[in-house]
4 protein chains.
Amino acid sequence: MMAQFDQLGCQSRRLENSFKLTRVGITGLVKPVVVHRRGEDHHLTAEIDVFVDLPSTQRGSHMSRNVEVITEMIEDSLKKKVESLEHLAANICKMLLDRHDYATYAEVRMTADYFLERRTTSGKRSVEPYKLMAKATSNRGNGLMKQVGVQVMGMTACPCAMETVAHELHMDKPELKKIRAKVPMISHNQRNKTTLMVEVPEHVEVEADDLIDIVESSQSSPTYGILKRSDEAAVVLRAHKNPKFVEDVVRDILGKLLKEYKKLDDSVHITVRSESEESIHKHNAFAERITTLGELRK
Amino acid sequence: MMAQFDQLGCQSRRLENSFKLTRVGITGLVKPVVVHRRGEDHHLTAEIDVFVDLPSTQRGSHMSRNVEVITEMIEDSLKKKVESLEHLAANICKMLLDRHDYATYAEVRMTADYFLERRTTSGKRSVEPYKLMAKATSNRGNGLMKQVGVQVMGMTACPCAMETVAHELHMDKPELKKIRAKVPMISHNQRNKTTLMVEVPEHVEVEADDLIDIVESSQSSPTYGILKRSDEAAVVLRAHKNPKFVEDVVRDILGKLLKEYKKLDDSVHITVRSESEESIHKHNAFAERITTLGELRK
Amino acid sequence: MMAQFDQLGCQSRRLENSFKLTRVGITGLVKPVVVHRRGEDHHLTAEIDVFVDLPSTQRGSHMSRNVEVITEMIEDSLKKKVESLEHLAANICKMLLDRHDYATYAEVRMTADYFLERRTTSGKRSVEPYKLMAKATSNRGNGLMKQVGVQVMGMTACPCAMETVAHELHMDKPELKKIRAKVPMISHNQRNKTTLMVEVPEHVEVEADDLIDIVESSQSSPTYGILKRSDEAAVVLRAHKNPKFVEDVVRDILGKLLKEYKKLDDSVHITVRSESEESIHKHNAFAERITTLGELRK
Amino acid sequence: MMAQFDQLGCQSRRLENSFKLTRVGITGLVKPVVVHRRGEDHHLTAEIDVFVDLPSTQRGSHMSRNVEVITEMIEDSLKKKVESLEHLAANICKMLLDRHDYATYAEVRMTADYFLERRTTSGKRSVEPYKLMAKATSNRGNGLMKQVGVQVMGMTACPCAMETVAHELHMDKPELKKIRAKVPMISHNQRNKTTLMVEVPEHVEVEADDLIDIVESSQSSPTYGILKRSDEAAVVLRAHKNPKFVEDVVRDILGKLLKEYKKLDDSVHITVRSESEESIHKHNAFAERITTLGELRK
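Throughout what follows, the structure given in this document is the object of discussion. Nothing here was measured: the structure is a model prediction, and the numbers come from that model.

Residue and element names in this part refer to chain C. Relative to the helices and strands, T195 resides in strand β6 (residues 189–201). For T195, a relative accessible area of 6% puts it in the buried group. For T195, the side chain forms a polar contact with the side chain of Q151, separated by 3.2 Å.

Dropping the structure here:
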């Protein structure tokens, strides 16, 4: 180690009979970024992970290049108004392959809190938080895949408990039909957190706001920061008229994806994950589908 | 620094014109411990923080003594069957003052997942998780205070949404009284996490299991890992017949404490905190009372 | 509950022989906010908790007013360019007392990631993340206290391990003085997270950026996202020439506060907390001082 | 929904033109378990996730069966002394396929804090925490795969900073060779968290304790709860004589796996992940290899 100083650092040292590595990079970097989405600047606090692979012949990856690339691409995005977190991730991903010439693969993950204005039943405006989960991956020479991902917190009411309560209370009699049509039976309801990720080639556009709409309309009800009394009743009523298992949430999202994205290729990757923080249990209920649009279309 | 080596380490170095410190110690130590509670061994994975104060004249606290004391007291507790996490915390706390002769104050905090067997309405056994939050503090020469603390996850159903839904649906008419007496109106319900901490002098005994009972019976309903269909209906029904704000949960606990602990002194410190993970919002509802039994008795 | 519908909600119901509550409110609300600091807009993603107290005669706090107040004050701050998170917290706090006429106390807590530009030894710019921790509390009729709080991640190198290593290797001999003056002895070093909170009356100004400077200059070395090779050596060298226990970090901050804030009143509250994620242990080292400027000046 | 009550619950309802789901189940269940490892009972607090797939024709998975299966298998393991978390996961996995007759796939994940006795250089005993990460998966009719996984916290010292510091300080001169051979150059060092997971067919045994040994001996140094002064110097010295990038940690583990597990089949899956909480940065360094023994042997 004392012999002589290598300007490139001991990362560059050559190895023999060693192993290549799948992903080498940095995790947990926090940066302010701005995306210009639908005519509006969104200032986000992004958490960023980036990786490249490493050949068996090189001791270390040049870690400091990762932060340089991220910093440059963020600065660049301020000037050129990047339109989404995915585009920014894609720009970083391509530049990583440029700067790490020994790498054959690059990957970028960015997550951030994100806000959209919503209106409650009574028309009150409420700025609601969502999560963006962007990803870009590239195998050198084989183009770039980008993932548009969102996480939405909403509400689910259990369809099964409703039936069981009705049965236990002898409320499933025909003469009570009229009342039950008007007022749903009680059930357990809870926070539901659903993630939808769509992976497409670089130049195919999928809008994160649309994915948020698809998820939010597939839970039993959206939820809001501000709810006046009648709004609160409306949310509770909507959730109980629309009871859903996590399985239902996932399938309804899959159905909407098929309808909304007819033009997207069969090869497009889809991940849907729904988790309900069950109010009657201390553990969560979970459902997931990982698939391609082609599989879903069969 | 090179002058000469101090067997006691540079922590012992004398300072002039410096500041005393309120708490110096270690956080996040994880240890397996065993408490012998009501005839049964409970094997817990405890997370431990310990602190002593430091006079203005001494540079550093002897940090390694903290882990030594904890390790010895845990080993000692295995031989002598310590009966609670609080007793173990108290033993560590006293030994800290012994070993840090420069300290006038010592504090120990221990938290651990803890399990109790419960029975659902239909009689099914379910081992439910709780959290123990033990604490011991001692000012040298002034005895020792120990805190018996528990955290219980249960369920709350909102009393207000019920009323509003009934009103909006014109279900608050007298002729519907009979049906409404039988079947509660829908509402939002959710996970509720409530903490109860009672601080007493060393030799006053307060049983954590009793505190868990008090909290669990003050939420709208307990929750269970295993629920068969009729049990699920029973939990949902119980919660809706027993709707509670977080404010109600805290006050009901305070009322029960007054009843159950008539013999405890006025000076006993009480902290009750209840947080509901509102299913209709993305944020939580929170209520708290920090007080003494004397204050409550007024 | 069926009797009649109360426009104000069942929160307003009167209680007898009940208990007052110390803090009732909401936790975990996430909102985008903008502060205009030193001529620059900082877009922050804030996590917000707000509370008021509740008299023994009223069943529930009007929770929805909390989110209304927060939303209005954030919108107001966009128009009037609020200059800090503390000012925004203060505005929310005062408005909470306005809207909850039954309350005698209000409290607001806001935390957010925050970014400042730094320069490494070689002059490279690096945008570094910090945390702001603002708080405002008010007892009706008794003015308002605001807390300016910051959390800074930096590095500490252990002074004690250096000495012990030197001793063990017989490097504490006089003839090695020259080399040791140039090259510090090896030690363990690690991430250090230090929090500084200063609580002052509403109209006294304390700048969070100054607090960040005080903390950052009191750790063994600041840390940076981007470090070229010579910068990395400079950081390592600086940390080892400046070895510190967590106790040293806290005391150095206290000393600087005394120097920098001579004009502040004796009653000003100070909290300093420093935690090192010890590289040689799996647990952390911790030091804290909670005091007033008056106490420190004695 | 009112029509008639279905004893099996509305989960059993038949769907048409719907989608199958990849994984449906529960997450975050916390249970006390006991494993009988090398003649000793280890009492663990396990966090458990279990999943099965769901055909497109069935509305919901029978969620309560999951907790029943877990509970039964844990009770069974107490009687029969299960020898590892992986064996328990395997037993639960097989029973899940038994009880969910509509499922073709089952998956079980269990993680737990786990403790082993270690000795420091000076011979002091220290009970150190590790994490076990067990997994079992089974495709009906195709046997069962189990994953033996461990997470170990240790220490890394950076080899590159050492060289750069030496260079910057002109310490890389030949005449200083003797001193540098004795006392390593300063560097940054930090906590390193490394995960090793080996996936093998059900009846192939891989001992988690051995995997822990492999990881712990591949970091720059193990770390300990208790360190007397000379032990502390020994750990610091060992780490600096053994400087490692995260890349080195991963590769050294891969090399040891090849040596230690010559008898294991080429198809055995290996995942190694190493993350260093860089003391000079606020973000982490990360390296990973996901592969098979066959790939590594090439």
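This brings us to unusual backbone geometry. Residues and elements named next belong to chain B. Positive phi is not limited to glycine here, since K81 has a value of about 50°. Checked against the element boundaries, K81 lands in the loop between α1 (63–80) and α2 (85–99). Phi at H170 takes a positive value of approximately 55°, unusual for a residue other than glycine. Residue placement: H170 occurs in the loop between α3 (159–168) and α4 (177–182).

Okay, the relation of the copies chain A and chain C next. Of the transformation superimposing chain A on chain C, the axial component is 0.0 Å and the angular component is 180°, with the fit at an RMSD of 0.0 Å. Here the copies are linked by what is in effect a two-fold axis. Proximity to the rotation axis, assessed at the C-alpha, singles out H43 of chain A in chain A; its C-alpha lies 3.0 Å from the axis. A high fraction, 100%, of the interface residues of chain A reappear at the interface in chain C, so the copies pair face to face through one surface.

We now examine the packing of helix α3 (residues 159–168) of chain C against helix α6 (residues 229–241) of chain D. How two helices pack is summed up by the angle between their axes together with the distance between the axes. Two elements in contact, α3 of chain C and α6 of chain D, have axes separated by 9 Å at closest approach and are oriented at 90°. Accordingly, the angle class assigned to the pair α3 of chain C and α6 of chain D is roughly perpendicular. Taking contact as the criterion, the partners of C160, A161, E163, T164, V165 and E168 of chain C in α3 of chain C are, on α6 of chain D, R229, S230, E232, A233, V236 and L237 of chain D.

Contacts between chain D and chain A engage 65 residues on the former and 65 residues on the latter. In total, about 5,200 Å² of surface goes out of reach between chain D and chain A, with carbon and sulfur atoms giving 58% of it. On inspection of chain D and its partner chain A, the count reaches six salt bridges. For the salt bridge of R59 of chain A with D248 of chain D, the shortest nitrogen-to-oxygen distance reads 2.7 Å. At the boundary of chain D and chain A, one finds 30 residue pairs in polar contact (both at pLDDT 80 or more). Those elements giving two or more residues to the side of chain D that touches chain A turn out to be β1 (21–37), β2 (40–54), α1 (63–80), α3 (159–168), α4 (177–182), α7 (246–260) and β9 (284–292) of chain D. With nine residues, the single largest contributor to the side of chain D that touches chain A is β1 of chain D. Residues of the side of chain D that touches chain A, tallied by class, amount to 31 nonpolar, 17 polar and 17 charged. As paired strands, strand β1 (residues 21–37) of chain A and β9 of chain D are joined by five bridges and run antiparallel to one another. Residue pairing in the sheet places G25 of chain A in a bridge with F286 of chain D of β9 of chain D.

Reading the values: the criteria
Residues numbered from 1 in each chain as written. Chains lettered and ligands numbered in written order. Predicted model: local features only at pLDDT ≥ 70, side-chain atom pairs only at ≥ 80, totals over all residues. Heavy atoms only, no water. Helix = DSSP H or I, 4+ residues; strand = E, 2+ residues; numbered from the N terminus. Buried < 20%, exposed > 50% of the residue type's maximum accessible area, 1.4 Å probe, protein only. Polar contact = N/O pair within 3.5 Å; in protein donor to acceptor, adjacent residues only side chain to side chain. Least-squares fit on C-alpha atoms with pLDDT ≥ 70 in both. Contact = heavy atoms within 4.5 Å. Axes fitted to C-alpha atoms, helices over the stretch in contact; angles between N-to-C directions. Parallel < 35°, antiparallel > 145°, perpendicular 65-115°, else oblique. Buried area = accessible area lost by both parts, 1.4 Å probe. Salt bridge = Lys/Arg side-chain N within 4 Å of Asp/Glu carboxyl O. Nonpolar A, V, L, I, M, F, W, Y, C, P; charged D, E, K, R; others polar. Pairing = 2+ DSSP bridges.

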